[in-house]
Amino acid sequence: MQNKFIHPEGQMIKRGSIDSDKISVKNIFELWFRIPEYQRPYRWGREQIETFLEDVSQAAILNPAGEYFLGSFVYQKKAGTRSPVSFDENDLLDGQQRLTTLMLLFAVIRDLTGNQTRKDTCQKFIYQQANPDLRIPERFRIFFETRDGARDFLEAFVKKQDATLEIESIRTEAARSDDVTVKSMAEAIQTMNSFFSSPEAPSIDTFFPFLLNNVLMVYVATEDFEDAFQLFTILNNRGLPLSQSDILKAWNLGVLQNDLDRKRYSQFWEDTESEFGEHFDRFLSYIRMLLLKDKARLSLLKEFEDRIYGNDNKSKRPLLSKGLETLKLIEKHRENYGTLFSGKNQSLEMDWKFDNLILIMANALPSTDWIPPLLAYFDKYEFKSIYDFLVLLDRKFSGDWVAGETPTTRIENMAAIITAIEKSASIDSLLSSSIFAFDHESFLSNVQDDVYGRKFARYLLFKLDFYYSSSEGPYHLPETISIEHIAPQNPSSDSQWYKDFSEKDREEWTHKIGNLILMGRGKNSSLGRLDFEDKMKKYFVKNIQTNPNSLRIWANFDQWTPSDLRKNHSMVIERIRKEYDINV
C-alpha cells in the first residue's frame, strides 16, 4: 500500500509513503526495533500470556496448516546508530506488548529445547553478537530506549543461555525492582515456563514451527514521524488499550524535535503517571479546567484536541501548543500539586491547619472539582494567605453541596473562582469577593434537619473534628470510619435510653447532627444500644481517640438525656454557623 492509509472511520493520512501487509513471526524478527521513550511500560500479565499461549497451541493442534492472526503493529522506519555503525532500527509505536512477549518466549523456548538448531534460531531472534571486523554492532532485536531496568533484565535473564531457568533469581530481581516492565517480564517468563511444563501443553516440536511460520501480524510502516504518530493514535485498540493520557503523551512527545527533551519529558510523564496511577486522567482534567474554565462537554482527549489545541476553530489562536508548552504547563502544575498535597506545609500558619483541612477535603468532599481553583491560586499567589483562601474555597464548595446545588452548578462556580483569581488585582480584593457566597438559608436548614443518611453528614462530622482539634499535630484519618448515633436508633425497651427519650424525642432528635459522632471502626449494633456510660466506656472511648469532636462529648457529658442532646446540637450548629460565617 502506497501514499495513503484509511482507517475504519474513514480518516485518511496523506503525507508520506505508508506500507502495510501481513508478515510472519519469523520475518518480524528479521527486523530491529526500538521502544521509544514516549511508550508505556511492558505490562502483559499472567492472564494475557496464558491466553496467548493457549490460543496459539490450540491453533497449532487443531489447524496446523492454517494461519493464526496475532494483531497489528505500527512502526516508523528509521536508522539507528551504535557508533561508529549505522543500521536500520525501527521505532515501535504500537504492538510493543506482543512483540516483547514473543522475544521473551524465544528465550524460554531456547532454554527448554534440547535441539541446538532451535536454540540458535531463538538466539538469533533475541540478540546479535557484535563483530567489529564486519562492523556489526551488539544489539537486542528490541531495544528499550529509556528503560535501564528493562535493559539490565534482558542482559541478565534473556540474553544468556539457560538464564530463564533461574526462576528464584528472576523472582528476586522482580521483587526488588520498582520498574513495571521488569516485574511484568519476570512474570511472563515464569508463566511461560509453567505453561510448557504442564502435561497438557503441546510439545515445542509442534508449537515452535507453527509460531514462526503460521502466526501472522499486520504491519503498518512509514518513514514520516507525523504519520507514524497519527497511526499510533488510530490503531490503539489492539492489545492493551491506550488511555487518553497515553494518546495525549504521544501527541506532545511526538512533536518534540530535541532528543534530550523527548527523553526528559518521557521520563517525567512516566513518573507522573506512576504517581497518580489510575487517577492520572483526572489530574490532566485539572489542567483542562484551568485552561477552559467550564464544565467538560467532551472526552478529555477531544477537549484537548478541539478546544485547547484549536482543531475545531482554525480562526482562533489555540489556548496551548502541543509539545514543550503543554509539557511545561503540566510539569508546573504537577510540582505545585505535589507541594500543596505533601502534608508538609505546617510552617505556613505555624501549625497543621492547612494540611489537616486539605486532607479532609481530599478524602470527604464528593468530588475534586475544587482542586483546579486551588492550583490557580497557588500559581498566581503562591503561599500568600493560602490558608485563608482554602477556608473560603471549602466554604463555597461544601456550602454549595450541603445547600443542594447540582454538580453542574458546583463545577460552574469553581470555574468562576478560577476566572476571578486570574482577573484579581490583589489577594485582598479576591478574598473579599462575593464569588465565595453560597445559599446560607438552604445550607443551615439542611444542617439543622436530620442529616443521618445524607451524603454530606460524614463531611460535616469531619469538619467538626477539624474545628475542635488543636492543630498542633497532623490529623490522621482512620482506615475504617463510621457514623455512630450516641442515643441509639432502636433502644431496648428495658434500657435507660427508652426511659429518657420519648417516642417523639427519638423521632425528632435521633438523626440530628448533635446526636452523631465519627468512630474509627465499623458499627456494632449490640454494643451501640448500651446505656450511655457503658457505651462510652466499652464501645466509644477506644474508637474515638483520633476524633476531637467525639472526645469533646466524652469529656463534657456524663449522661445523654434529651436536654443534653439538644445542648450539644445547639453547640454544634453554632460552631458550624461561625466557621461558615453564617449570620441568618
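Below you will find a few notes about this structure.

Cut-offs used in this document
Residues numbered from 1 in each chain as written. Predicted model: local features only at pLDDT ≥ 70, side-chain atom pairs only at ≥ 80, totals over all residues. Heavy atoms only, no water. Phe/Tyr/Trp six-rings, centres within 6.5 Å; stacked < 30°, edge-to-face > 60°. Helix = DSSP H or I, 4+ residues; strand = E, 2+ residues; numbered from the N terminus. Buried < 20%, exposed > 50% of the residue type's maximum accessible area, 1.4 Å probe, protein only. 1 Å grid on protein atoms, 1.4 Å probe; cavity = no way out; pocket = protein on both sides within 12 Å on 5 of 7 lines; lining within 4 Å. Points joined across faces, edges and corners; volume = space filled by probe spheres on them. Nonpolar A, V, L, I, M, F, W, Y, C, P; charged D, E, K, R; others polar. Expected span 1.5 Å × (residues − 1). Contact = heavy atoms within 4.5 Å. Polar contact = N/O pair within 3.5 Å; in protein donor to acceptor, adjacent residues only side chain to side chain.

**Let's talk about the packing of aromatic side chains**
Alright, step 1. Taken as a whole, this structure holds 39 aromatic pairs when the rule is applied.
Alright, step 2. On the basis of an interplanar angle of 45 degrees and a centroid distance of 5.1 Å, the ring pair of phenylalanine 106 and phenylalanine 125 is categorised as tilted. One end of the pair, phenylalanine 106, is in helix α3 (residues 96–112); the other, phenylalanine 125, is in helix α4 (residues 116–126), with 19 residues separating them in the sequence.
Alright, step 3. Residue classification places phenylalanine 106 among the buried positions, given a relative accessible area of 0%.

**Here we look at the layout of surface pockets**
To find leftover empty space, one rolls a probe the size of a water molecule over the atoms.
Alright, step 1. Considered as a void within the structure, the second largest pocket measures approximately 400 Å³ in volume.
Alright, step 2. Going through the elements one at a time, α5 (148–159), α7 (180–197), α10 (244–254), α11 (259–276) and α12 (280–292) are the ones with two or more residues in the lining of the second largest pocket.
Alright, step 3. Broken down by element, the lining of the second largest pocket gets its largest block of residues, four residues, from α11.
Alright, step 4. A breakdown of the residues in the lining of the second largest pocket according to their chemical character gives three nonpolar, eight polar and 10 charged.

**Description of α3**
Owing to its 3.6 residues per turn, the α-helix brings residues three or four apart onto one side.
Alright, step 1. With 17 residues, α3 ought to run about 24 Å at 1.5 Å a step, and its terminal C-alpha atoms sit 24 Å apart, in line with that.
Alright, step 2. The buried fraction of α3 amounts to 16 of the 17 residues, a majority that puts the element mostly inside the structure.

**Focus: the environment of aspartate 351**
Alright, step 1. Secondary-structure assignment places aspartate 351 in the loop between α14 (324–340) and α15 (353–364).
Alright, step 2. Using a relative accessible area of 17% as the deciding quantity, one classes aspartate 351 as buried.
Alright, step 3. A C-alpha to C-alpha distance of 8.9 Å links aspartate 351 and serine 470, two positions 119 residues apart in sequence.
Alright, step 4. Setting aside residues up to four positions removed in sequence, aspartate 351 forms contacts with Gln346 and Ser471.
Alright, step 5. Within polar-contact distance, the side chain of aspartate 351 engages the backbone nitrogen of lysine 353 at 3.0 Å.

**Focus: unusual backbone geometry**
Note on backbone geometry: most residues besides glycine have negative phi, and most peptide bonds are trans.
Alright, step 1. A positive phi angle is found at glutamate 382, which is not glycine, with a value near 55 degrees.
Alright, step 2. Along the chain, the position of glutamate 382 falls in the loop between α16 (371–381) and α17 (386–403).
Alright, step 3. Taking the relative accessible area as the measure of exposure, glutamate 382 reaches 47% and is therefore partly exposed.
Alright, step 4. With a phi angle near 55 degrees, aspartate 581 is a residue other than glycine that sits in the positive phi range.
Alright, step 5. With respect to the helices and strands, the residue aspartate 581 is situated in the segment after α27 (562–579).
Alright, step 6. The class for aspartate 581 is partly exposed, based on a relative accessible area of 43%.

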